[in-house]
Amino acid sequence: MTHMRSTSSVLVDVELLVNGRRLPLALDPRVTLLDALREHLGLTGTKKGCDHGQCGACTVHLDGRRILSCLTLAASASGREITTIEGLADGDRLHPMQQAFIDHDGFQCGYCTSGQIMSAVALLDEPCGPGEADVRECMSGNICRCGAYPGIVAAVQAVRQGRG
Amino acid sequence: MIGAAIDRLDGRQKVTGRATYSAEWPIERLSYGVIVQSAIAKGTIAAMDVSAAEQAPGVLAVITAGNAPKLPQGGQAGVNPPAGRALTLLQDTRVRYNGEPIAVVIAESFEQATHAASLLRVNYHEEQPAVDIMQALPTAEPYTKKILGQFEPFSRRGDVDAGLRDAAVVVEATYTTPLETHNAMEPHSTIAVWERDQLTLYDATQYVYGVKRFVAKTLGLRDDQVRVVSKFTGGAFGSKGSAWSHVVLAAMAARHVGRPVKIVLSRRQMFGPVGGRPYTVQRLRVGARHDGTLTAIDQDVVSSTSTFEDWVESSTLQTRMLYAAPNVATAQRLVRLNLGTPTFNRGPGESSGTFGLESAIDELAWRLGVDPIELRLRNYASVDPETGLPWSSKSLRECYERGAERFEWSRRTPAPRSMRDGDHLIGLGMATATYPAKRMPASAAATLTADGAILVEAATHEFGTGTYTVMTQIAADALGVPIDRVRFELGDSNLPDNPISAGSMTVSSTGPAVHAAAVALRERIRQAGADPSDVESCRRIIAAAAGAPLSATAAAAPGAEKARYSMHAFGAVFAEVRVDPELGELRVARVVGAYAAGRILNPKTARSQMIGGIIYGLSMALFEHTAIDPRNGRYLNADLSEYLVPVNADVGDIDVLLLDETDEHVNPLGVKGLGEIGTTGVAAAVANAVYHASGVRVRDLPITIDQLLAGSDR
Ligand code: FES
Ligand code: FES
């Protein structure tokens, strides 16, 4: 029996622009953006729930729009603007959405929370209708197994209405 | 401070991504382990070719039954269910379920390990597995040991046959619940680090001391050689209450390669090797007189377990205590299947058991023409009917009343298919929720530090339950200091010993220990001449002691109350459903849950926990079902697009009422626990509402479109 020669680990140069910082990396081309953040950059705020684009835990912003970092190869994000949960607050001042999640208890275990908040912040600039049902729909790519959905909807609505 | 609806104290960490979950600890020289799983459900491994994997770039080792270190007693030294589970630790070549670990590949990177794991070539001697519960039902055997070492596996009061003969109406039906897989959002993860012969495990767990003791025994180490750290766990629901195979395998792998190893299960790997709720097949016979007085209840529950460990889903327990029926018999039987061993799943026993019992009671109400709440009130148990003991407290009547009022139960017209909104059929249903109030021994330490802050420590757990928050509230309250002077630390087996966080007993167990330690520290501060609430005086006494901190420890344990009282939380849950009669589409538009669970320490986190519990119950009612390939026992829908759980748009209005209830007996804090009860009763309330809406009685969860359409044809 012959063995197929396995993929050799050639590295590619990648420059990730994360939360305003320029981060050069030499990565295995198979590394996802999610694993680049978590395993190579120590930015573990972005979570892995499924690694298959099915749960939303890994949501980050790429050039201002929400994407699933587990379905994005790090190399393909090279040079583009990435925002993660760690980049949302302004120093000690939380982003209004982060504060609203605390105020409305929009989480329990916290594991889906980064993804929920990144989706919720992106939603503010999306054509999502005004009602609660609209928010539920627009937030349905982010699973919360703890069942914090009512608090999540309340948080999103509070921020949207606060912006008036 | 106790009873204040304060925000979660770990909220800031969680919304900024700075809460550290187990896979996220920065560890030097970390390597990555990936588990390879069996592709058959029963048999032995005939041959395994690991050479391609071993030669793949970055691979440090491939561990199989051929080269794994031999563990004491064949890896069984720690087995003592449910505290220590029977695991698969590469000690032999047997295969007992599809997806059982058969090798671990360790490499420099996750990508390299994942790729190399795909290169293993395995040949099996395959045998015919038993994986179909209905086919295996005739092999069910009575379970005869105590369930969880505590509850009798069967019960008998009065004479059920006589009671059924006396009945004017008897409902006899079989209800089934499927295999349900927890699917906490955080995958199970363990980092194992050896420093000489000391092992540290960063583990996603509900029980740091349990993991520590189990791993020590299994590997033949002393307890003091193992430390377990778990500061934040990303949801658990029972699945992380035990150390499963990957935890020990991570430790074995790290020793083998001489480097720290991280193993994070893939979502697919969470179907089978880390437990789930077993199948239940519940046969119920419930008899009553014309006036609704129950004459008998008989419940026979068959649940599934693996071929190598007995796990019993205790779905009969609520049947023994919920109604004042004179004649009640229950029995638990087990069927052994070639599937992974089941485990605690939110409201273990009661969540599945109330589906059977509370559906049957609803069927009875319909047959008798009695309102379902009225039927329950006519059989209200004013003492525990099984033991004769008084309740430590019980406010179920108030739950029915307040819940019905909030839900506007009175608008319900009794006949099925009698309520409509446009093209939709509307149905209103209800069920009883209940879960026992449990407690275990626990301990805690409280320390006044030089800056006047107070550190309180107990090796308990945070997985969304609000433990950091409520323990801080308890300690601050006992010390008479503001919340922000207290810091609570948990999740480390170097801290004072605490029980598993499961069975809704964290607050009832750890809470009294934290309270006692805080009171003891308060007294020590006073004896030293300071006032705990006066920071300056606190700083002075520490300075006077040359900076040595002032500490107190305390232990707290249940007393004789269990022999004197029957202790349970109760609730009533109401569901409004909309059914499209043409398409069979079902939506739960609204749920109201009214609960009495003793004192509520933090209404904000408590309300969230109840909402989460109800959504978990809706998930059981509408979605969850682990599909098994009948040919080879393969878990067919092992991911989050095929294994359905509710998303935001699936969840309608949820209204939670937490009733005031004072309980002087249950424990010093008067709390009964909230984690489980929210899930109980929900599936029955939905099924009962579906019947009211459509006239279709669904007795097999989850309630699906095909059942609604098939039922309406009849
Ligand atoms: S981890 Fe990316 S969607 Fe689940
Ligand atoms: S907060 Fe736990 S999964 Fe959403």
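Residues numbered from 1 in each chain as written. Chains lettered and ligands numbered in written order. Predicted model: local features only at pLDDT ≥ 70, side-chain atom pairs only at ≥ 80, totals over all residues. Heavy atoms only, no water.

### Some remarks on the overall build of chain B
When you go through chain B residue by residue, the secondary structure sums to 18 helices and 25 strands. For 714 residues, the compact-globule formula gives about 27 Å, and the C-alpha radius of gyration of chain B, at 26 Å, lands near that figure. For chain B, the spread of C-alpha atoms along the three principal axes comes to 75 × 75 × 50 Å. Counting all 714 residues of chain B, 67% fall into the buried class. The long-range share in chain B, meaning contacts at least 24 apart out of those at least 6 apart in sequence, stands at 82%. A total accessible area of about 24,000 Å² is found for chain B, and carbon and sulfur atoms account for 49% of it. (Helix = DSSP H or I, 4+ residues; strand = E, 2+ residues; numbered from the N terminus. Rg over C-alpha atoms; globule rule 2.2 N^0.38 Å. Buried < 20%, exposed > 50% of the residue type's maximum accessible area, 1.4 Å probe, protein only. Contact = heavy atoms within 4.5 Å. Areas by Shrake-Rupley, 256 points an atom, 1.4 Å probe, with all protein chains shown as cover.)

### Some words on the confidence of the model for chain A
The share of residues in chain A with pLDDT of 70 or more is 94%, and the mean pLDDT across the chain is 94. Across residues 1-7 of chain A, confidence stays below pLDDT 50; counting only partners more than four residues off in sequence or on other chains, it has 14 contacts. (pLDDT = per-residue confidence, 0-100.)

### Overview of the domain arrangement of chain A
All names here are of chain A. Taken domain by domain, chain A holds domain 1 (2-87) and domain 2 (96-160). Listed by partner, the interface residues are 16 residues for domain 1 and 15 residues for domain 2. Taking both partners together, domain 1 and domain 2 bury about 1,300 Å²; carbon and sulfur atoms supply 52% of that area. Three residues, H61, R66 and I85, lead the burial of domain 1 against domain 2; their summed loss comes to 48% of the area buried on that side. If you look at where domain 1 meets domain 2, you find 1 salt bridge. (Domains from an automatic or database assignment. Buried area = accessible area lost by both parts, 1.4 Å probe. Salt bridge = Lys/Arg side-chain N within 4 Å of Asp/Glu carboxyl O.)

### Concerning the pattern of salt bridges
Residues and elements named next belong to chain B. Scanning the model with the defined rule gives 52 salt bridges over all chains in all. Between E127 and K42 there is a salt bridge whose closest N-O contact spans 3.9 Å. Here the residue E127 occupies a position in the loop between β6 (121-126) and α4 (133-136), and K42 occupies one in the loop between β1 (31-37) and β2 (43-49), the gap between them amounting to 85 residues. The partly exposed category is assigned to K42, whose relative accessible area is 30%.

### Section: the layout of surface pockets
Residue and element names in this part refer to chain B. Quantified by volume, the largest pocket comes out at close to 1,200 Å³. What lines the largest pocket is a set of 45 residues, among which Q150, F151, P436, K438 and K562 lie closest to the centre. Among the elements of the structure, α8 (317-321), β18 (424-436) and α15 (561-564) are those that each provide at least two residues to the lining of the largest pocket. Of the residues forming the lining of the largest pocket, the biggest block, 4 residues, is contributed by α8. Class assignment of the residues belonging to the lining of the largest pocket gives a composition of 23 nonpolar, 13 polar and 9 charged. Roughly 1,000 Å³ of internal volume is contained in the second largest pocket. (1 Å grid on protein atoms, 1.4 Å probe; cavity = no way out; pocket = protein on both sides within 12 Å on 5 of 7 lines; lining within 4 Å. Points joined across faces, edges and corners; volume = space filled by probe spheres on them. Nonpolar A, V, L, I, M, F, W, Y, C, P; charged D, E, K, R; others polar.)

### Details of the sheet that holds strand β5 (residues 81-83) of chain A
Residue and element names in this part refer to chain A. One open sheet holds the 5 strands; their spatial order is β2-β1-β5-β3-β4, and the pairing between them is mixed. Single-partner strands in this sheet number two, and they are β2 (21-27) and β4 (65-68). Here the average twist between neighbouring strands, direction ignored, is 40°. The pairing of strand β3 (residues 59-62) with β4 spans 4 bridges and is antiparallel. Bridge pairing in β4 links T59 to L68. Docked against the sheet, helix α3 (residues 113-123) engages β3, β4 and β5, running at close to 40° with respect to β3. (Pairing = 2+ DSSP bridges. Axes fitted to C-alpha atoms, helices over the stretch in contact; angles between N-to-C directions.)

### A short note on the environment of V535(B)
For V535(B), the location among the structural elements is in helix α14 (residues 535-544). The residues contacting V535(B), other than those within four sequence positions of it, are D451(B), G452(B) and R485(B).

### Details of the environment of S504(B)
Residue and element names in this part refer to chain B. In this structure, S504 sits in the loop between β21 (486-489) and α13 (506-527). Taking C-alpha positions, S504 is 23 Å from Q332, a pair spaced 172 residues apart along the chain. Leaving out residues up to four positions away in the same chain, S504 has contacts with Y435, K672, G673, L674, G675 and E676. Within the structure, S504 has its side chain in polar contact with the backbone nitrogen of E676 (distance 2.9 Å). (Polar contact = N/O pair within 3.5 Å; in protein donor to acceptor, adjacent residues only side chain to side chain.)

### Observations concerning the packing of aromatic side chains
This structure, assessed with the given rule, holds 14 aromatic pairs over all chains. When the centroid spacing of 5.0 Å and the interplanar angle of 35° are considered together, the rings of F237(B) and Y616(B) count as tilted. With F237(B) in the loop between β12 (226-229) and α7 (245-257) and Y616(B) in helix α16 (residues 603-622), this pair connects stretches of sequence that are 379 residues apart. Taken as a pair, F237(B) and Y616(B) share a single burial class, namely buried. Pairing F271(B) with Y643(B) gives two aromatic rings, centres 5.4 Å apart and planes at 70°, and the pair type is edge-to-face. Of this pair, F271(B) sits in the loop between β13 (261-264) and β14 (280-288) while Y643(B) sits in the loop between α16 and β25 (653-658); the two residues are 372 residues apart in sequence, bridging distant segments of the chain. The class for Y643(B) is buried, based on a relative accessible area of 0%. Put simply, the rings of Y111(A), Y21(B), F232(B) and Y468(B) touch in pairs and so form one group of aromatic residues. Cation over ring: K394(B) sits above Y380(B), and NZ or CZ is 4.2 Å from the ring centre. In this structure, K394(B) packs its charged tip against the face of F570(B), placed 4.9 Å from the ring centre. (Phe/Tyr/Trp six-rings, centres within 6.5 Å; stacked < 30°, edge-to-face > 60°. Lys NZ or Arg CZ within 6 Å of the ring centre and 35° of its normal.)

### Thoughts on the pairing of strand β16 (residues 327-336) of chain B
Residues and elements named next belong to chain B. Of all 10 residues in β16, 7 are buried; the element is thus mostly enclosed. For strand β7 (residues 141-142) and β16, the ladder comprises 2 bridges, and the chain directions are antiparallel. Considered in β16, the bridge of P142 is made with R333. Pairing of strand β15 (residues 294-305) with β16, which is carried by 10 bridges, proceeds in the parallel orientation. Residue pairing in the sheet places S304 in a bridge with V335 of β16.

### Re the interface of chain A and chain B
If you look at the interface, chain A gives 54 residues, while chain B gives 63 residues. Of the roughly 4,800 Å² buried at the junction of chain A and chain B (both faces included), carbon and sulfur atoms supply 54%. Looking only at chain A, the three residues that lose the most surface to chain B are Q108(A), R145(A) and Y149(A), adding up to 17% of its buried area. Joining chain A to chain B, the criterion identifies 6 salt bridges. Where chain A packs against chain B, one counts 22 residue pairs in polar contact (both at pLDDT 80 or more). When contributions to the side of chain A that touches chain B are tallied by element, the ones reaching two or more residues are α1 (33-40), α2 (96-103), α3, α4 (132-138) and α5 (149-163) of chain A. Residues belonging to the side of chain A that touches chain B are distributed by class as follows: 20 nonpolar, 17 polar and 17 charged.

### Description of helix α3 (residues 110-117) of chain B
Listing the buried residues of α3(B) in full gives E111(B), Q112(B), A113(B), A116(B) and A117(B). Residues of α3(B) that are buried sit in contact with α1 of chain A together with β1, α2 (51-55), β3 (59-64) and β5 (101-107) of chain B.

### Thoughts on the sheet that holds β18(B)
Residue and element names in this part refer to chain B. Ordered in space as β17-β18-β23-β24-β25, the 5 strands form an open sheet in which the pairing is mixed. Unpaired on one side and paired on the other, β17 (420-421) and β25 mark the two borders of the sheet. In the packing of α16 onto the sheet, contacts are made with β24 (586-596) and β25, and the angle to β25 comes to roughly 130°. Running at roughly 155° to β18, helix α17 (residues 682-694) makes contact with β18, β23 (568-579) and β24 of the sheet.

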